[in-house]
Amino acid sequence: MSTPRPLPGDPSDLHLRISFDDDLWDTPQADTLERWNVAVLHRRRVHDAAQGPAATRSCATAACSSCRVEDTTVGWMTFYRVHLDRGRNAYWAMEEESEELYETAQVLLDPETGSFTSEVSELLEYVGSGLLVMDRVTLEPAWRGHGLAAVLGCEVIHRLMLGCRAVACSPGVTDLSSQRLTDRSEWERVTAKIARGWESLGFRLYRDNVYLLSPASQDLEEQRGALRGRLSELGASWRTRTS
C-alpha cells in the first residue's frame, strides 16, 4: 500500500462554498429537486511579483506588504435535496435528472408514490420527509489520501440534512483519469477505501451499492467532532513539516 504524498498546503486553510442556483422555474421538477454545488477552496497568502522583487510564491510572513490572499479551488462536491412531499413524483424526477440518481431512486423509492419504500421506511427514524443524496465528491489528486473527503463531506451533510429523513450515497471512483486504476485489483482497493471513509460517518450498505445514513444517527455527530480533530492534527503536522 502506497504512502500518501505530503499535502501541498495547510489543510487548516481549507473552506467550503456551498451554493444553490435558483433559476426561478415554476415547475414540479424544480420543486422536487434542489442541486447544491460545493467548492472546496484553499486559502493562502501569495507574494505578488508585481509589487516586489521576489518571485510569486507562498508567503510565509504575514506582515509582507506585497502579499495578497488567494482562494484556489482544490475540489468539488454535488448534493441533491429531494423533496418527497411536493412537486412531482420524486422517483421519476430523479430518473429524469441523471442515471446515478435514477439508480438511487430504484433502490429507495416506490415508483408509484415517489415515497420511501415500506422496507426503507422501517429502517429510518421519522426526523423529516426529504432525501439528501451525496452525488459526487472530488478532490484534486494532490489533496487525496489523507481522509479529507470524509472531513469535508461530513460538514456539508451537517449543513444540508435539515428536514431530511435519510442521506444516501453510492461510493465509487469519480475521477477516471488515473492510469493506475486500469488494474481491476487497484480499482477495487480504491473503491473499498472510499466506502470505508463514508462508513466512518455512519453510512451503512443497504442494497446495490446504495448506502444510507440517518440524520438522527449519533455516529454522525460523534464523527464530526473526531474528524474536525483529525483536520487540526493534519494542519499541525503540515506546519511542523514546513517550519
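Anything mentioned here points back to the structure above.
None of these values were measured; they are calculated from a predicted model. (Residues numbered from 1 in each chain as written. Predicted model: local features only at pLDDT ≥ 70, side-chain atom pairs only at ≥ 80, totals over all residues. Heavy atoms only, no water.)

Here the focus is the overall build of the chain. When helices and strands are tallied, the chain shows 7 helices and 7 strands. Secondary structure elements in the chain, listed N-terminal to C-terminal, are β-α-β-β-α-α-α-β-α-β-α-β-β-α. When contacts within the chain are restricted to residue pairs at least 6 apart in sequence, long-range pairs at least 24 apart make up 69% of them. About 13,400 Å² of surface is accessible on the chain, with carbon and sulfur atoms providing 49% of the total. (Helix = DSSP H or I, 4+ residues; strand = E, 2+ residues; numbered from the N terminus. Contact = heavy atoms within 4.5 Å. Areas by Shrake-Rupley, 256 points an atom, 1.4 Å probe, with all protein chains shown as cover.)

It is worth spelling out the environment of Ser19 at this point. Relative to the elements of secondary structure, Ser19 occurs in strand β1 (residues 14-20). The class for Ser19 is partly exposed, based on a relative accessible area of 28%. As a C-alpha pair, Ser19 and Ala39 span 20 residues in sequence and 8.5 Å in three-dimensional space. Beyond its immediate stretch of four places on either side in the chain, Ser19 contacts Arg35, Trp36 and Asn37. (Buried < 20%, exposed > 50% of the residue type's maximum accessible area, 1.4 Å probe, protein only.)

Bringing the nonpolar core into the picture now. Ranked by size, the top nonpolar core spans 35 residues in total, and within it Phe79, Ile157 and Phe203 carry the most contacts. Mapped by element, the contributors of at least two residues to this core are β2 (33-47), β3 (67-82), β4 (130-139), α5 (148-160), β5 (164-169), α6 (184-199), β7 (210-213) and α7 (218-242). Tallying contributions element by element places α5 first for this core, with 8 residues. Counting residues in hydrophobic clusters, the runner-up holds 24 residues, among them Tyr91, Leu109, Val120 and Leu212. (Core = buried A, V, L, I, M, F, W, Y, C linked by side-chain atoms within 4.5 Å.)

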